[in-house]
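Okay, here's what each chain looks like letter by letter:
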Amino acid sequence: MTPQHRAPDDHDEPALLRDQFRQLLRYRSLLAVGVVIGLLGGGYLALGGEDTYTATGEVLVRSAISDPFAAGSTADKGINIGSERQTAISDTVGTLAAGTLLKEGDDVTARKLLAGLQVTNPPNTLTLRFSYTGATPEQSRARAEALAEAYLAHRKARTEESIENMAGGYRAQLKPLEEKRDQLEEQSGTGAADDVTSARANIIVSISELSRKISELGALDTTPGYLNKKPVAPASPTGPGLPLLLGLGGVVGLALGLLLSWVRLVFDPAVRSDRELVRSLGAPLLGTLPRERAAAGSLLAIGRGSSRLAEEYRAVAFRLAYDPSFAESRRLLVTAPRGDSTAAAAAAANLAAAFAEMGRDVLLVEADLRTPSLARDLGSAGHEVRPPRWAAEEGDGSWPGGGGRTNVDVPGSGAFALIPGTTVDNVPRALTSPSVGRIVAEADRSGNVVIVLAPPVLSYADAVALVDRVDGVMIVCDPREVHRSDLERIREIIGASGGSVLGALLHPGRGRLRRAERRAKPARPHRRAGHPRDHRRSHRDPRPALLHPAGRPPVRARTAVLCSVADQGVAALTNILVLVAAARLSTLADFARFSAVYLVFTVLLGVSGAYTGQPLVLKRGAGEETRGACRSAVAFTVLASAVIGALLAAVCVLVPGDTARALLMLGLVLPVVLGQDAVRYAFATLQQPHLALTGDLLRLGCVLGALSVQDYGASPARLIAVWGLSALPALLLSAALLHRATAGSPLRLRPLLRRGHLGQRFTVEFGVGNATGQLSVLGLGAVGNPLLVGALRGATTLFGPLNVLYTSATSFGPPMLGRITDERHRIRATAALAAVLAGIAALWATVLALLPDSAGRQLLGDTWPVAVDLLPATGSQYAAMAVGTCGLLALRMLDPRTTLAIQVVFSLTAVAFLAGGYVVGGVPGAAWGLFLGSLCKAAATWIRVARLRRRTVAPDRTVAVAEDTVGGRA
């Protein structure tokens, strides 16, 4: 029994969600429109609204007390801070503050005054924080101060009123006692008895007690509280600011774009995924044709060298050959849903060539009798042959017997027979004639294959007339043009006619193919026959094509490059934003400590990348050895970082100070952050950079989310711990993806410790080229001014985008420049790249110099005033670094062995300039010293390039002169 294709399960929720998400991302224009709308809305809210300013004052609340210095006395006795907060925002306090402000010329009502007030209570304190938001800085300061003083005045008056009421009550009790005492004194003077004397003594005691209480009330300290923090006029407006509003607008716009895309998807009748196509057609997807520029005047892709399209046709042919439904009859009807049948004709011809290449006797019948064009499109590849005997005996000249046959030669693959279509008067009669039945019956012979090309099935009934004779049907369509209803109708028509749909073949639309042709390079000339590569191609095993019927690698080259660049940008952006967040959350001294610890991490990160990452990315192929190397490198990095982190933590436990505690936290989180970076190298080696990008995006979101909830003044140790632990979700996700990709691969750690490991050389180059300068800054900060590290780190953070450019130029510059065959033009291109990068550095430094102080404080907080003074020196340093980076690129293309000496010499020179500049001019002098070191390195690099270029040109000229001399003698 022939197995029937089962459509995918509709209840497979994860697969459905993935398909829908992919379909939503296809509406890029709607997504872009949504993001633009969101950005415009955020920009309007940031720039169109009025600026508001918030002033804050803090009041310490205390109760009345007799002796505040007595032991056991507390100022919080009987204070309900919640009730005090309600009192602070009451109409009584607002009325008092409005009266005070009216005397100062600010005519505001109590209701309007209280509308801008916010009173909060920090946890576990007796402090009330008065925050007032006004139109101007001075207005917010004056009103916040007036409200705080009005609250204190109201509370003092309320306390004094309570004391007066209590004293009045005691006096009211005292008056009758005094009258009774006076009466008893009169009686005692006339010889009273003992009981009168005793009563008189008791009354005197009561009078004394009441007098004491009245005296104590009068001695109470009625100070209601203290204004600990006096409101000051804010220097910058409050609110989220332009960057945050733009970010929120972008997120909201993206959500709007997704909503619009979903609405468009719901009402779009076109097929938007392979899953929908399979479900609607009830047949499998045989393959997807890649975009490829066809040779001029050639319909056949098979027979052309280096053709991805030919490989896809071969994969489809092998899949059909192994399909039981096709193997029984070896008849195939190729048609399109509607419209033009050019793609169906190309598919029929190439499948015929693929079957001929497999050693089958193939007959291709063009049953398109309305617009026949297959013979013309095949061109000179076909030549007429003698028709079969039964066709010659009929002799009526009708199609297909009188049309003749054409033998089509496929270079290097064989040949197949073609019965071209001709225009006839009665198409249904010709298609249902006995001659067509005899032609189709030729497939009954062993090793024969008959392929029939029919007009679009929904445009004409010609294909339906042939289904009862050729029961296997293949639909060739463009997924962006065919509708789900069309596919369902095709399935019903073919099923009702007694046939079955073997599958669908997708092809790119003509518009997309033309765009691909415009972007494509001129086709390379064909290799001569017998070339070794052609020989290997002709004996290629067809089974990989069956494993990947679409003929596409997991990640295309262009996608891989884009994902790699994006991943590098996300990783660099994470480091930049971590420093920016730390600068905004820390004081100047704490940021200096954080920068010192982060500089230690940067050095360890570079060493880890040089020892394990850089040798790993040199691996080629996707075999067992490469997967095992990726797994071993990640495991080695995690274990080594755990050992180093444990040693660092053990040493710092014994050392006091905030810096030591921050280093202790770095040692604890070191396996997490270094392990995440090692996984990035592993994914790059496995040619799956999109997985590295996914992990880094998750890490960026977690790091920013964790740091955004920290309070100002957080210690460096806490920031380091939060930063490190926030990378744990990304590490777990990346580890799971890596385990899935390398499961079963061997784990070998000993080769990474052997002498001669390539990572040892890379580590030495990193040490003398990068780590020396970074450690010199750290050492100079430890010996001299500790704020030096924070200042230089803050200034360098502002130039973080340029680091991404330089890293991308180093990574992708050699392969791109290597495409230039002429060495002189290659050097000129490198010099032009150096000029462009230096200009970008100068422009970026100018933009930062013109940045307002309010925006700068939003970036770096308290570190901005120090960093802004270093912008000229740091900008000049980065311009020189651009020239030096491109010079090193040129040296690597000319003679890679010369770069190490330059790195060693001029890294030490940069350290000397750094120390000397600090001695002469302090922190600005150290920054200019770094610039001089980079400038000297750039100059020496290009001088070396010029010398190597002259040495290369001189032998070439000598050889040319010698050849001319020999030629002249001959």
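Residues numbered from 1 in each chain as written. Predicted model: local features only at pLDDT ≥ 70, side-chain atom pairs only at ≥ 80, totals over all residues. Heavy atoms only, no water.

Some points on the environment of Ser485
Line of reasoning, step 1. Tracing the backbone through its elements, the reader meets Ser485 in helix H18 (residues 484-496).
Line of reasoning, step 2. Distance in space between the C-alpha atoms of Ser485 and Leu281 is 9.4 Å, their sequence separation being 204 residues. (Helix = DSSP H or I, 4+ residues; strand = E, 2+ residues; numbered from the N terminus.)

Quick look at the nonpolar core
Line of reasoning, step 1. If you look at the biggest cluster of nonpolar residues, it comprises 45 residues, and the most contacted ones within it are Phe594, Phe601, Leu666, Ile720 and Trp723.
Line of reasoning, step 2. Elements that contribute at least two residues to this core include exactly helix H22 (557-585), helix H23 (588-617), helix H24 (624-653), helix H25 (658-685), helix H26 (689-708), helix H27 (716-725) and helix H28 (728-742).
Line of reasoning, step 3. For this core, the element with the most residues is H25, which contributes 13 residues.
Line of reasoning, step 4. For Trp723, the contacting residues outside a window of four places in its chain are Val578, Tyr598, Phe601, Leu666, Val669, Val673, Arg699 and Val703.
Line of reasoning, step 5. Among the nonpolar cores identified, the runner-up in size contains 44 residues, and Leu309, Leu320, Ala349 and Met474 belong to it. (Core = buried A, V, L, I, M, F, W, Y, C linked by side-chain atoms within 4.5 Å. Buried < 20%, exposed > 50% of the residue type's maximum accessible area, 1.4 Å probe, protein only. Contact = heavy atoms within 4.5 Å.)

A short note on H28
Line of reasoning, step 1. The terminal C-alpha atoms of H28, which comprises 15 residues, lie 21 Å apart, in line with the 21 Å expected from a rise of 1.5 Å per residue.
Line of reasoning, step 2. Those residues of H28 lying buried are Ala730, Leu731, Ser734, Leu738 and Thr742. Take H28 and look down its axis: the buried residues cluster within an arc of 95°, on one side only. Turned more than 90 degrees away from the buried face of H28, the exposed residues are Leu732 and Arg740.
Line of reasoning, step 3. Looking at the buried side of H28, the elements it contacts are H24, H25 and H26.
Line of reasoning, step 4. Just beyond H28, the residue with positive phi is Gly744, at close to 85°. (Expected span 1.5 Å × (residues − 1). Arc of directions from axis to C-beta.)

Some words on the pattern of salt bridges
Line of reasoning, step 1. All told, the structure shown has 18 salt bridges when counted by the stated rule.
Line of reasoning, step 2. Where Asp106 meets Arg143, a salt bridge forms, and the shortest distance between an N and an O atom there is 2.9 Å. Of this pair, Asp106 sits in the loop between helix H4 (91-103) and helix H5 (110-115) while Arg143 sits in helix H6 (residues 137-188), and the two are 37 residues apart along the sequence.
Line of reasoning, step 3. For Arg680, the salt bridge identified is with Asp677, shortest N-O distance 2.9 Å. Here Arg680 pairs with Asp677, and both are found in helix H25, just 3 residues apart, close to one helical turn.
Line of reasoning, step 4. By relative accessible area, which is 9% here, Asp677 ends up buried. (Salt bridge = Lys/Arg side-chain N within 4 Å of Asp/Glu carboxyl O.)

Focus: a nonpolar patch on the surface
Line of reasoning, step 1. Together, Val33, Ile37, Leu256, Leu259, Leu260, Trp262, Val263, Val266 and Phe267 make up an exposed nonpolar region whose accessible area comes to about 810 Å².
Line of reasoning, step 2. Only helix H2 (28-48) and helix H8 (241-266) provide two or more residues apiece to the nonpolar patch.
Line of reasoning, step 3. For the nonpolar patch, the leading source of residues is H8, giving 6 residues.
Line of reasoning, step 4. By the secondary structure assignment, Val33 is in helix H2.
Line of reasoning, step 5. The exposure class assigned to Val33 is partly exposed, which follows from its relative accessible area of 41%. (Patch = residues over 30% accessible without salt bridge, like charges linked within 9 Å, V, L, I, M, F, W, Y side chains within 5 Å. Areas by Shrake-Rupley, 256 points an atom, 1.4 Å probe, with all protein chains shown as cover.)

Quick word on the packing of helix H10 (residues 308-321) against helix H12 (residues 342-357)
When two helices pack together, their arrangement is given by the angle between the helix axes and by the axis-to-axis distance.
Line of reasoning, step 1. Their axes nearest at 9 Å, the elements H10 and H12 cross at an angle of 70°. One way to sum up the angle between H10 and H12 is to call them roughly perpendicular. In this structure, the crossing between H10 and H12 has a hand that is right-handed. Of H12, the residues touching H10 (which contributes Tyr313, Arg314, Val316, Ala317, Leu320 and Ala321) are Ala346, Ala347, Asn350, Leu351, Ala354, Phe355 and Glu357.
Line of reasoning, step 2. Across the contact of H10 with H12, the residue classes tally to 10 nonpolar, 1 polar and 2 charged. (Axes fitted to C-alpha atoms, helices over the stretch in contact; angles between N-to-C directions. Parallel < 35°, antiparallel > 145°, perpendicular 65-115°, else oblique. Left-handed = near helix turned anticlockwise from the far one by under 90°. Nonpolar A, V, L, I, M, F, W, Y, C, P; charged D, E, K, R; others polar.)

Side note on the confidence of the model for the chain
Line of reasoning, step 1. Scored by pLDDT, the chain has a mean of 76; 75% of the residues are at 70 or more.
Line of reasoning, step 2. Of the regions scoring below 50 in pLDDT, residues 1-8 engages in 10 contacts with residues more than four places distant in sequence or in other chains.
Line of reasoning, step 3. When the criterion is pLDDT under 50, residues 780-784 qualifies, and its contacts beyond four places in sequence or with other chains add up to 9 contacts. (pLDDT = per-residue confidence, 0-100.)

Observations regarding a positive patch on the surface
Line of reasoning, step 1. Taken together, the side chains of Arg26, Arg28, Arg291 and Arg480 present a region of like positive charge at the surface.
Line of reasoning, step 2. For Arg291, the position within the fold is in the loop between strand E5 (285-288) and H10. (Lys, Arg positive; Asp, Glu negative; His and termini not counted. Charge placed at Lys NZ, Arg CZ, Asp CG, Glu CD.)

Describing the sheet that holds strand E4 (residues 225-229)
Line of reasoning, step 1. Strands sit in the order E2-E3-E1-E4 across an open sheet of 4 strands; the sheet is antiparallel. Two strands in the sheet have a free side with no partner beyond their single neighbour: strand E2 (117-120) and E4. Along the sheet, successive strands turn relative to each other by an average axial angle of 25°, direction set aside.
Line of reasoning, step 2. Pairing geometry for strand E1 (residues 53-61) and strand E3 (residues 127-134), over 8 bridges, is antiparallel. (Pairing = 2+ DSSP bridges.)

A closer look at the environment of Gly116
Line of reasoning, step 1. With respect to the element layout, Gly116 can be found in the loop between H5 and E2.
Line of reasoning, step 2. In this structure the C-alpha to C-alpha distance between Gly116 and Arg143, which are 27 residues apart in sequence, comes to 9.3 Å.
Line of reasoning, step 3. If we skip the residues at most four places from it in the chain, Gly116 touches Ser131, Tyr132 and Thr133.

Considering helix H9 (residues 274-281)
Line of reasoning, step 1. With 6 of 8 residues buried, H9 lies mostly within the body of the structure.
Line of reasoning, step 2. For H9, every residue scored as buried is listed here: Arg275, Glu276, Leu277, Val278, Ser280 and Leu281.

Digging into the packing of H24 against H28
Line of reasoning, step 1. It is the contact of H24 with H28, at a shortest axis distance of 9 Å, that shows an interaxial angle of 150°. Considered as vectors, H24 and H28 are oriented roughly antiparallel to each other. H28 is crossed by H24, and the crossing has left-handed handedness. Across from Arg627, Arg631 and Val634 in H24, the residues of H28 making contact are Leu738, His739, Ala741 and Thr742.
Line of reasoning, step 2. Considering only residue class, the contact of H24 with H28 consists of 3 nonpolar, 2 polar and 2 charged.

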